[in-house]
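Notes for the structure review
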Amino acid sequence: MIPGLTGRRAPILPRDAGGEPWLAAVIAVLCFLACLSAVGALAADRAAHGWARQLRAEATVQVRPRVGETGAEAAARAAETLAGVDGVEEAQAMDRKTAEALLRPWIGDAVLPDLPLPFLVTVRLDRDAPASPVSLSRALASAGVDATVDDHSLWRREVERSAGLITVLAAAAFLLTAGAAGAAVAYATRAGMAAQGALIETLSLNGASDGRIAGLFQMRYGLLAAGAGAAGALAAMLVTAFVRFLGGAEGVTPALPVTWSDALILSPCPLLAATVALVAARFAALARLKGRG
Amino acid sequence: MSVQPRRAAETAPAPDTVRLGGVGFGYAETPDVLRDVNLILPAGSFHFLTGPSGAGKSTLLKLLTLAERPVAGSLELFGEDAGSAPRSALPAFRRRMGVVFQDFRLLDHLTAFDNAALPLRLSGAKLDSYSADVEEMLDWVGLGSKLDARPPALSGGEKQRLAIARAVVTGPELIVADEPTGSVDAVMGERLLKLFQTLNKLGTTILIASHDESLAERSGATLLRLENGRVTGGAA
Ligand SMILES: Nc1ncnc2c1ncn2[C@@H]1O[C@H](COP(=O)(O)OP(=O)(O)OP(=O)(O)O)[C@@H](O)[C@H]1O
Ligand SMILES: [Mg+2]
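Residues numbered from 1 in each chain as written. Chains lettered and ligands numbered in written order. Predicted model: local features only at pLDDT ≥ 70, side-chain atom pairs only at ≥ 80, totals over all residues. Heavy atoms only, no water.

Now for the overall build of chain B. Along chain B, the regular secondary structure elements total seven helices and 10 strands. The C-alpha atoms of chain B give a radius of gyration of 17 Å, which matches the 18 Å a tight globule of 236 residues would have. Each principal axis of the C-alpha atoms in chain B carries an extent, and together these give about 45 × 40 × 35 Å. Once local pairs closer than 6 in sequence are excluded, the contacts in chain B between residues at least 24 apart make up 69%. (Helix = DSSP H or I, 4+ residues; strand = E, 2+ residues; numbered from the N terminus. Rg over C-alpha atoms; globule rule 2.2 N^0.38 Å. Contact = heavy atoms within 4.5 Å.)

Dropping the structure here:
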């Protein structure tokens, strides 16, 4: 008889050694969630950096007119002075109309005309070599303008801090999800091994080492997790692509700009899921085998 | 037959394959199944272990296969301490022996071929390297036409023969068989006895536990008797 391939070297571990479709579903969902949190973190980080960059490239100067000088005159003088400073691209005195337009959403039309408004100069700084607030203050002082320079650093720090916080939270969510996936695999390994007690003993009596037996479960759950991870990542990619497609370059909202490349960073998900499953299955299997004495 | 037992170097006298000294063992529900078992199976010897049902023959075999460990006394296999060897050392002992279990312990989801090939596969051998040996072995026990059958589709006698094929296919130094002819007819029983005798002539140490005293007498093997937790007859 010619050795056909039928029935030769079938997997030693039987199919469905214990609730595998359910495990696959759980891992797929966990991977989907982990991927979404990763994309969300990326988008939030990108948005925060965008804002921070914008804030860094701007400064606002509040001018106090001298005696015998109108606010508008003082502001114009300050703008002229500031425009001459190295690292300043443009300095513009904000006229009352612009200032009112900025305030209208906050305080409404009724009191606006009577409100004393500060005299402001908005300064656009060179993005690559921005003038420092100190050099701006110094220039104003030597021109005899009484003014305060706000380089938005307070705001910027706030934005950067929230971006950092979001990154940390996303990383924590990611780690927790990985931990949950690992725990699910460990649990399934234990259940699978409990269901396959007779098989394990037979393998052991036929000379299989604990490592070899653990390897069977490792392989099984590693492959399963890789498949489930791919499914979860694919679903997350589709959602990301959909969001990008709907929202264009800005994403759905400028607060969460999604790019096409975000879909790509999800590609290691199956590998990560498989690694977590491999490690979890190995430890669970070896611990259980050790327990058999 | 192409199945060859590994043989120790001809010059140095081979250590006794099995040495039990004052071995005691029992279960929680059935303490003192074995009380003071002293037993030596020299390399290349052929023994039959008889005794009434429930005497502890299968239990003694479980100690030899290291499925259980003695609670008292010493157990040496191939000249090495096996009674207190760490768990990690067990596979090495087990790969040097072939075991026929009373309840066969075949894997129902694997074909007859894969079942017989299991110990070879577990030792890391490639399919190409053992395919012919496994087929020859299965042919020899009369399962040449059932290579792709799974155990649930085999008769009791066929399962028994498959279990024997799996035990001997690696060419082990020691074969331990628990009632290996319990489920086959007289003709097949003789044929299987012949197989064990052939393997023994090639140098394999053999221990068969069996009720069948007439088969034991016809085998020409040394008779051992297990009763009241002790083994009588034989070298120790
Ligand atoms: N796993 C076990 N747990 C508890 N008691 C057991 C266990 N296995 C066997 N026994 C008991 O140990 C004793 C010896 O059993 P064993 O199977 O070794 O006998 P045996 O000589 O092989 O019998 P038989 O000839 O019927 O196969 C019996 O009293 C049996 O009830
Ligand atoms: Mg028995």
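Moving on, we get to the sheet that holds strand β10 (residues 230-232) of chain B. Strand-to-strand pairing in sheets goes through backbone hydrogen bonds, with the strands running parallel or antiparallel. All names here are of chain B. Spatially, β6-β7-β8-β3-β9-β10 is the arrangement adopted by the six strands of the open sheet, whose pairing is mixed. Of all the strands in the sheet, just β6 (97-100) and β10 have a single pairing partner and so form its edges. The average undirected angle you get between the axes of adjacent strands in this sheet is 20°. With four bridges connecting them, strand β3 (residues 46-50) and strand β9 (residues 222-227) associate as parallel partners. Bridge pairing in β9 places T50 opposite R225. Lying over the sheet, helix α5 (residues 156-168) contacts β6 and β7 (174-178), oriented at roughly 170° with respect to β6. (Pairing = 2+ DSSP bridges. Axes fitted to C-alpha atoms, helices over the stretch in contact; angles between N-to-C directions.)

Next up on the list: the domain arrangement of chain A. All names here are of chain A. Splitting chain A by domain gives domain 1 (14-52 + 166-291) and domain 2 (53-156). For domain 1 versus domain 2, the separation of C-alpha centres amounts to 52 Å. The partner domain 2 presents five residues to the four residues of domain 1 that form the contact. Each partner contributes to the roughly 350 Å² buried at the junction of domain 1 and domain 2, and carbon and sulfur atoms together form 38% of this total. When residues of domain 1 are sorted by the area they lose upon contact with domain 2, G50, W51 and A52 head the list and together hold 89% of the total. The interface formed by domain 1 and domain 2 holds six residue pairs in polar contact (both at pLDDT 80 or more) in total. Counted by class, the side of domain 1 that touches domain 2 contains two nonpolar, two polar and no charged residues. (Domains from an automatic or database assignment. Buried area = accessible area lost by both parts, 1.4 Å probe. Polar contact = N/O pair within 3.5 Å; in protein donor to acceptor, adjacent residues only side chain to side chain. Nonpolar A, V, L, I, M, F, W, Y, C, P; charged D, E, K, R; others polar.)

Time to look at the interface of chain A and chain B. Counting residues at the interface gives 26 residues for chain A, matched by 28 residues for chain B. Its largest share of buried area at the contact with chain B, chain A owes to A:R9, A:L205 and A:N206, together 28% of the area lost on that side. At the boundary of chain A and chain B, one finds two salt bridges. The salt bridge involving A:D210 is made with B:R87; its shortest N-O contact spans 2.7 Å. Across the contact surface, chain A and chain B share 10 residue pairs in polar contact (both at pLDDT 80 or more). Put simply, the parts of the chain that give the side of chain A that touches chain B at least two residues each are α6 (197-205) and α7 (210-247) of chain A. With six residues, the top contributor of residues to the side of chain A that touches chain B is α6(A). Residue composition of the side of chain A that touches chain B, grouped by class: 12 nonpolar, eight polar and six charged. (Salt bridge = Lys/Arg side-chain N within 4 Å of Asp/Glu carboxyl O.)

In this section: the coordination of the magnesium ion (ligand 2). Reference values for angles at a metal are 109.5 degrees in the four-donor tetrahedral case and 90 or 180 degrees in the six-donor octahedral case. Residues and elements named next belong to chain B. For the magnesium ion (ligand 2), the full set of protein donor atoms is S58 (OG) and Q102 (OE1), at a range of 1.9 to 2.2 Å. On the criterion of sequence distance, the pair formed by S58 in helix α1 (residues 57-64) and Q102 in the loop between β6 and α3 (112-122) is long-range, its members being 44 residues apart. By relative accessible area, which is 42% here, Q102 ends up partly exposed. (Donors = N, O, S within 2.8 Å, 3.2 Å for Na, K, Ca; no water. Buried < 20%, exposed > 50% of the residue type's maximum accessible area, 1.4 Å probe, protein only.)

Turning our attention to the pattern of salt bridges. Going through the model one piece at a time under the given rule, you end up with 20 salt bridges over all chains. B:E190 is paired through a salt bridge with B:R218; the nearest N and O atoms lie 1.8 Å apart. Highlighted residues: B:E190 in helix α6 (residues 186-201) and B:R218 in helix α7 (residues 213-219), separated in sequence by 28 residues. Given a relative accessible area of 44%, B:R218 falls into the partly exposed group. Because the salt bridges share partners, they merge into one network encompassing A:R96, A:E100, A:R104 and A:D109.

Glancing now at the pairing of β9(B). Residue and element names in this part refer to chain B. Bridging between β9 and β10 involves three bridges; their strand directions are antiparallel. Along β10, the bridge assignment pairs L226 with V231. Taking the residues between adjacent antiparallel strands as the criterion, β9 and β10 are bridged by two residues, where N228 takes a positive phi near 55°.

All right, on to the sheet that holds strand β5 (residues 80-81) of chain B then. Residue and element names in this part refer to chain B. Spatially, four strands are ordered β2-β1-β4-β5 in an open sheet, and the strand pairing comes out antiparallel. Looking at the sheet topology across the chains shown, the edges are occupied by β2 (34-41) and β5. Sheet analysis places strand β4 (residues 72-77) next to β5, joined by two bridges and oriented antiparallel. Counterpart to L77 in the pairing with β5 is E80.

Put simply, chain B has an average pLDDT of 91, and 94% of its residues get 70 or more. Scoring the predicted complex yields pTM 0.76 and, for the interface, ipTM 0.88. (pLDDT = per-residue confidence, 0-100.)

Throughout the structure, instances matching the rule amount to three aromatic pairs over all chains. Just above the ring of B:W140 sits the side chain of B:R191; from NZ or CZ to the centre is 4.8 Å. (Phe/Tyr/Trp six-rings, centres within 6.5 Å; stacked < 30°, edge-to-face > 60°. Lys NZ or Arg CZ within 6 Å of the ring centre and 35° of its normal.)

Residues and elements named next belong to chain A. A cluster of nonpolar side chains, W106, I107, V111 and L115, forms an exposed patch at the surface whose accessible area comes to about 420 Å². For V111, the position within the fold is in the loop between α3 (96-107) and β3 (119-125). Residue class for V111 comes out partly exposed when judged on its relative accessible area of 43%. (Patch = residues over 30% accessible without salt bridge, like charges linked within 9 Å, V, L, I, M, F, W, Y side chains within 5 Å. Areas by Shrake-Rupley, 256 points an atom, 1.4 Å probe, with all protein chains shown as cover.)

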